[in-house]
Amino acid sequence: MDPQILMGLGGMVTGTIIVVAVGKVITHWVDVHYRSKGAVGPASDRLERLEDRVVELQALAERVLEVEERVEFAERLLARGRAPGAVESE
């Protein structure tokens, strides 16, 4: 093979390796500086509000489950006839 062709191919391979390495460095930098710390701007504000809302909804779901359990307990007591410890009327 002609030495000039080999030098051209070697240059292209070297250039490709450098571009890939620089791309990985840039990707890592973006991950470290923006994703781990959180992006700044309207999108991050909206994401933060949505995350807060999810936490609120999870708390409400827990409260609803607790109320359901209490209602079921009250229904069982009513089905038995009276609540335990209730004073009987004369």
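Here, the structure is the one placed above.
On a predicted model such as this, the values are computed, not experimentally measured, just so you know. (Residues numbered from 1 in each chain as written. Predicted model: local features only at pLDDT ≥ 70, side-chain atom pairs only at ≥ 80, totals over all residues. Heavy atoms only, no water.)

In this section: the overall build of the chain. Along the backbone of the chain there are two helices and zero strands. A burial count over the chain gives 2% of its 90 residues as buried. (Helix = DSSP H or I, 4+ residues; strand = E, 2+ residues; numbered from the N terminus. Buried < 20%, exposed > 50% of the residue type's maximum accessible area, 1.4 Å probe, protein only.)

On to the pattern of salt bridges, then. In a structure, side chains of opposite charge can pair up when their charged atoms sit close to one another. Going through the model one piece at a time under the given rule, you end up with two salt bridges. As a salt-bridge pair, R53 and E56 come within 3.0 Å of each other at their nearest N and O atoms. Linking R53 with E56, this pair stays in helix α2 (residues 42–80), spanning three residues, or about one helical turn. Overall, the relative accessible area of 44% leaves R53 in the partly exposed class. As a salt-bridge pair, R70 and E66 come within 3.2 Å of each other at their nearest N and O atoms. Of the two residues, R70 and E66 are both situated in helix α2; the distance of four residues between them amounts to about one turn of the helix. (Salt bridge = Lys/Arg side-chain N within 4 Å of Asp/Glu carboxyl O.)

Our next topic: α2. The first and last C-alpha atoms of α2 sit 57 Å apart over 39 residues, in line with the 57 Å expected at 1.5 Å per residue. Positioned one or two residues after α2, G81 has a phi angle of 125°, which is positive. (Expected span 1.5 Å × (residues − 1).)

A cluster of nonpolar side chains, I5, L9 and M12, forms an exposed patch at the surface whose accessible area comes to about 290 Å². Within the secondary structure, M12 sits in helix α1 (residues 3–35). What makes M12 exposed here is its relative accessible area of 54%. (Patch = residues over 30% accessible without salt bridge, like charges linked within 9 Å, V, L, I, M, F, W, Y side chains within 5 Å. Areas by Shrake-Rupley, 256 points an atom, 1.4 Å probe, with all protein chains shown as cover.)

On the surface, a cluster of negative charge is contributed by D45, E48, E51 and D52. As for its placement among the helices and strands, D45 is situated in helix α2. (Lys, Arg positive; Asp, Glu negative; His and termini not counted. Charge placed at Lys NZ, Arg CZ, Asp CG, Glu CD.)

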